[in-house]
2 protein chains.
Amino acid sequence: MNAVDPSLEASLIADWRTYPIVADLVDVKPREQALDTLWRDGRISLFHHQWLRDNCACNQCVYGVTREQLFEIVDVPEELHPQRTRIDEQGHLLIDWQDGHRSRYHPGWLRAHAYDEASRAERRAQRPQSRLWGAELGEQLPQFDYQAVMEQDDALLHWLLAVRDIGLTQLRDVPTREDVLPRLAKRISFIRESNFGVLFDVQSKADADSNAYTAFNLPLHTDLPTRELQPGLQFLHCLVNEATGGESVFVDGFAIAEALHQETPELFHLLCETPVEFRNKSRNSDYRCLAPIIALDAHGAVSEIRMGNFLRGPFDAPAERMPAFYSAYRRFIGMTREPRFRVQRRLEAGQLWCFDNRRTLHARTEFDPASGARHFKGCYVDRDELLSRIHVLQR
Amino acid sequence: MNAVDPSLEASLIADWRTYPIVADLVDVKPREQALDTLWRDGRISLFHHQWLRDNCACNQCVYGVTREQLFEIVDVPEELHPQRTRIDEQGHLLIDWQDGHRSRYHPGWLRAHAYDEASRAERRAQRPQSRLWGAELGEQLPQFDYQAVMEQDDALLHWLLAVRDIGLTQLRDVPTREDVLPRLAKRISFIRESNFGVLFDVQSKADADSNAYTAFNLPLHTDLPTRELQPGLQFLHCLVNEATGGESVFVDGFAIAEALHQETPELFHLLCETPVEFRNKSRNSDYRCLAPIIALDAHGAVSEIRMGNFLRGPFDAPAERMPAFYSAYRRFIGMTREPRFRVQRRLEAGQLWCFDNRRTLHARTEFDPASGARHFKGCYVDRDELLSRIHVLQR
C-alpha cells in the first residue's frame, strides 16, 4: 500500500540540481486552499493546492528526457483538492488528488521552493552580493593564471565568481596569439556578436566608426549602451602595447552610484528615473536605446550602469527637470574623474582584462599612435552565459 | 562679420540623419538659465544653456569621422552663459559663449530635439504603434515574396515594418536549401546565437534538450524566456513538412494582455508586477531569469510578453498573493486557448514564418513523426538589429 509507483520516480526533481534535505517533514495539515507543512526545525510552510498540483514532477506531468513540463495547470479545475495527503517512509509528501492523479514531493526540493516568509527571506539573503571597490583595488587586482583557468574547472569557477562579484579581473601569462581570446571566451560560452564583429580590434584607424578606434582619450563608459541589453562581460586581450600613453582606467559604477546616493539622494534618483537616449551613429547602422543611466532591480538595488558620453543623444526631459538632471549627470561624471574611485593600469602584452561591462566603467588615456604599435583584441560574453556556467560548475 | 567659421560646418549635425526645417526660427530671448526660441508657427521652445553647450556640433566638440562627441559638459562650468546670441542669414541659431567658444545650431535639428511640452507630445504621437490582431489575421496573413525582399530595399522595408508593427509575417517562395535562412537573416543583420546554436533544427530528436525537439503538442510560448533579453525576431523556415499534424499556432500576446486588462485589471496588474523564474534545464547549461510575464514600458504600455509553461520554475511570491496570481496565470493561458485569438496554419515547404518573439506567442500542435519527415530551420535576430535596419532604410 505504501509502495511508490515507479513512474513517479523518473522525474522526481524536474531539474539537474540536487536538493539536500535541510529538515525533515514532520506533519501536514489541510487548510481551505492549501496545506500547512511542518518541518523538524519548527518552520511551517504553506503550499496552495494549485501550486502543488502545478509542480507535480511525475513522468506524466514532466517529460523525463528534457525535464520540461507537459502538464499545464489550466488542464485541471481551479478548485481541485487533495483526496488524501501523507508523509511516506522516505519522508516525501504524497498527495492523492480528487481526480485520481498522485503526486510525490522530495522534502529537499519542497523546502528549497517554500514560499513562507522565512524561506523567502532566507533565499534573498543567499543571493550573491557585489563587493564594491575604489582606487585600493589597484593594489590588489584580482589576478588569475590563464593556463589554470583553461585547464582546471575549479580555477575557472574561482575566476568567474570574481568577475560576477567584483566585476574587474586580470588574466596573466596569456599567449599573444589572435586565436587565444575566442578559446578563452568559449570556456564560458559562445561570444556575443555586435555590429563591430564577433571579435573586434582596438587599434587607431583612419576610418574609425567609433571613438574607440582612434587614439583619443576615451572617457569612462560602458560598451554598447546603445543596445537594449548591454554586453555582460567585456574582454580586452593585449597582443602588443609599445605606444606611449593609452593606459586603462576603471571605476566601479556601483560604488559611484552608492556614493551619489549617500551624498545627494535626489540626484541619484534623477539618474534612476530619467531615460536617456544612447545613439550609435554610423553609415550602416543606427542603434538607439532609451534607458536610465542607473537601473535598479526589483528590490531597489543598483543592478546596472549605462554610460557613454560620446554615445549619447541630446537629453529629452521635461524642461523643469533639465537643470537638476544636468547637475546629476555632471556630478556622476565628476565622480568618475575623482582619484578615490579610479584604478589606472597599463595593460602589457600577454595580459587580459575581463570585466562586468554593465557595472565597471572603462576608459583609455590618450596615446601616441606614432610612438609604437598598440593592438588589443576584444569580445563580449553575456551575463546569462556567465551565470549559467557558474550554476553548472556549482552543481 | 557674419561669415561662418568653416570648421563649424564639418559636423553640423552630429548624425547621419537629415532634419527638414519644419518652421523657421524667428526670435531668441534670454532667460536666466536658458533661451526662449520663437518659431514661425508660433511655438516657443526653451533651451537651457547647459543643454545648448552640451549639444554643440562643431568639429572641436564632435569628431567628424565618427560623429561622436569629444567634449564633455563637465569640461565647462555649470554657470556658463552666452555672451551673445542671434539668428544668422541661414536661419541657424548662433551662440558666442563667455569663454570664447562659438556654437551654431541647425533649425531642423533644433526643432527635432526641442523639449517644450508641445514638441515632446508631437514626438510621442509619432512613435510606431502596434496593430493588435486576433483570429481574423489568418484570413489576411501579411505575406511577402522572398526574392523581392532579397533584391529590393523597398520590399525589405515594407516587410520589416510589418514585422515591427504586426509581429507576424510569412515569406513565400523561399528556396528549400539550408543556406537560405542565414542569407535572409543577414538582409537585416547578424544572427543572435544561443546555446541551441546560430541556426537550430526543429525536428523530433530522441535525446531532446528541449520539448521543441519532440513531437509533442507545444503550448503557446515565447522562445528563450529564460534569458534576460528574449530574442527579438524568430525565423522558422520549412524545408520539408510531410508529417501528419504539427500545425503552427500564433496569438498576439499584446492583444491578449489588452483583453485581460479590459476584463479584469487586477489580474492584468498581477502579471505585470509578479516576477516569475523561467528556467532552461539541461546537462550543460542552467539559465534562470526572473521577470514578469507582462512588461510595461516607461509610458505604461505593454512592451513585452514572456511566457513558456514548460520553461518555468515554481512560482515564488508572498503566500497571500498566490491564489490570485494563479487565477491571473490561468486566465492568461485560458485566453491563449480561445479561438478568437488564434491563427492556425500549416507551414509548407518553401514558406517561412518571421515573427516578433517578444510579442507573438507561438505553438505547434502534436505531430506523428512516423507519418513523414518534418524539418524546420530556425534562427533569431534581435530587436535592436531590426530597428537599426529600419532606421537606415528610412534615412
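Going by an unreviewed UniProt entry, chain A carries the name Gamma-butyrobetaine dioxygenase and comes from Pseudomonas benzenivorans.

Undergrad: Could you give me a rundown of the environment of threonine 360 of chain B, with the residues and numbers involved?
TA: All names here are of chain B. The topology assignment puts threonine 360 in strand E22 (residues 360–364). Between the C-alpha atoms of threonine 360 and alanine 255, which are 105 residues apart in sequence, the distance is 9.4 Å. In contact with threonine 360, not counting residues within four places along its chain, are Trp133, Ile166, Gly167, Leu168, His221, Phe250, Val251, Gly253 and Phe355. Within polar-contact distance, the side chain of threonine 360 engages the backbone oxygen of glycine 167 at 2.8 Å.

Undergrad: Please give an account of the interface of chain A and chain B that cites residues and values.
TA: Of the residues lining the interface, 86 residues belong to chain A; the matching set on chain B comes to 86 residues. Summing both sides of the interface, chain A and chain B together bury roughly 7,700 Å²; the carbon and sulfur share of this comes to 47%. When the area that chain A buries against chain B is broken down by residue, the three leading residues are Glu68, Lys281 and Arg330 of chain A, summing to 10%. Summed over the shared surface of chain A and chain B, the result is 18 salt bridges. For arginine 120 of chain A, the salt bridge is made with aspartate 316 of chain B, and the minimal N-O distance between the two is 2.9 Å. Remark: the boundary between chain A and chain B carries 48 residue pairs in polar contact (both at pLDDT 80 or more). Residue assignment for the side of chain A that touches chain B shows that the elements contributing at least two residues are strand E3 (44–48), helix H1 (49–54), strand E5 (68–69), helix H3 (117–126), strand E16 (276–281), strand E17 (286–291), helix H9 (322–336) and helix H10 (383–394) of chain A. Here the residues of the side of chain A that touches chain B sort into 36 nonpolar, 22 polar and 28 charged.

Undergrad: So what about the relation of the copies chain A and chain B? Which residues, and what values?
TA: Take chain A, turn it by 180°, move it 0.0 Å along the axis, and it overlays chain B with an RMSD of 0.0 Å. The two molecules are tied by a two-fold rotation axis, judged by turn and shift. No C-alpha of chain A approaches the rotation axis more nearly than that of leucine 229 of chain A, which lies at 3.3 Å. A shared binding surface is used by both copies, with 100% of the interface residues of chain A retained as interface residues in chain B.

Undergrad: Talk me through the sheet that holds E22 of chain B; I want residue IDs and the actual numbers.
TA: Residues and elements named next belong to chain B. Read across the sheet, four strands follow the order E12-E22-E15-E20 without closing on themselves; strand pairing throughout is antiparallel. Every interior strand has two partners, whereas the edge strands, strand E12 (218–221) and strand E20 (343–345), have only one. Mean inter-strand twist for the sheet, computed between neighbouring axes without regard to direction, equals 15°. Along the sheet face, helix H7 (residues 253–263) touches strand E15 (248–252) and E22 and points at about 45° away from the line of E15.

Undergrad: Please provide a residue-by-residue account of unusual backbone geometry, values included.
TA: Keep in mind that most residues, glycine aside, have a negative phi and that most peptide bonds are trans. Residue and element names in this part refer to chain B. Backbone geometry at aspartate 173 places phi at a positive 55°, although glycine is not the residue there. Tracing the backbone shows aspartate 173 in the loop between strand E10 (168–172) and helix H6 (180–185). By relative accessible area, which is 61% here, aspartate 173 ends up exposed. Residue leucine 224 is not a glycine yet carries a positive backbone phi of 55°. Within the secondary structure, leucine 224 sits in the loop between E12 and strand E13 (233–241).

Undergrad: How would you explain the domain arrangement of chain A if you had to name every residue and give the values?
TA: Taken domain by domain, chain A consists of domain 1 (6–126) and domain 2 (135–394). Computed from C-alpha atoms alone, the centre-to-centre distance between domain 1 of chain A and domain 2 of chain A is 43 Å.

Undergrad: Describe the UniProt feature "domain: Gamma-butyrobetaine hydroxylase-like N-terminal" (unreviewed entry) in chain A, and please don't skip the residues or the numbers.
TA: Taken from the UniProt record, the annotation "domain: Gamma-butyrobetaine hydroxylase-like N-terminal" (unreviewed entry) applies to residues 29–110 of chain A. Taken end to end, residues 29–110 of chain A is 12% helix and 39% strand, and its two terminal C-alpha atoms sit 16 Å from one another.

About the thresholds
- Residues numbered from 1 in each chain as written.
- Chains lettered and ligands numbered in written order.
- Predicted model: local features only at pLDDT ≥ 70, side-chain atom pairs only at ≥ 80, totals over all residues.
- Heavy atoms only, no water.
- Helix = DSSP H or I, 4+ residues; strand = E, 2+ residues; numbered from the N terminus.
- Contact = heavy atoms within 4.5 Å.
- Polar contact = N/O pair within 3.5 Å; in protein donor to acceptor, adjacent residues only side chain to side chain.
- Buried area = accessible area lost by both parts, 1.4 Å probe.
- Salt bridge = Lys/Arg side-chain N within 4 Å of Asp/Glu carboxyl O.
- Nonpolar A, V, L, I, M, F, W, Y, C, P; charged D, E, K, R; others polar.
- Least-squares fit on C-alpha atoms with pLDDT ≥ 70 in both.
- Pairing = 2+ DSSP bridges.
- Axes fitted to C-alpha atoms, helices over the stretch in contact; angles between N-to-C directions.
- Buried < 20%, exposed > 50% of the residue type's maximum accessible area, 1.4 Å probe, protein only.
- Domains from an automatic or database assignment.
- UniProt positions renumbered as here; feature names shortened; annotations may be inferred.

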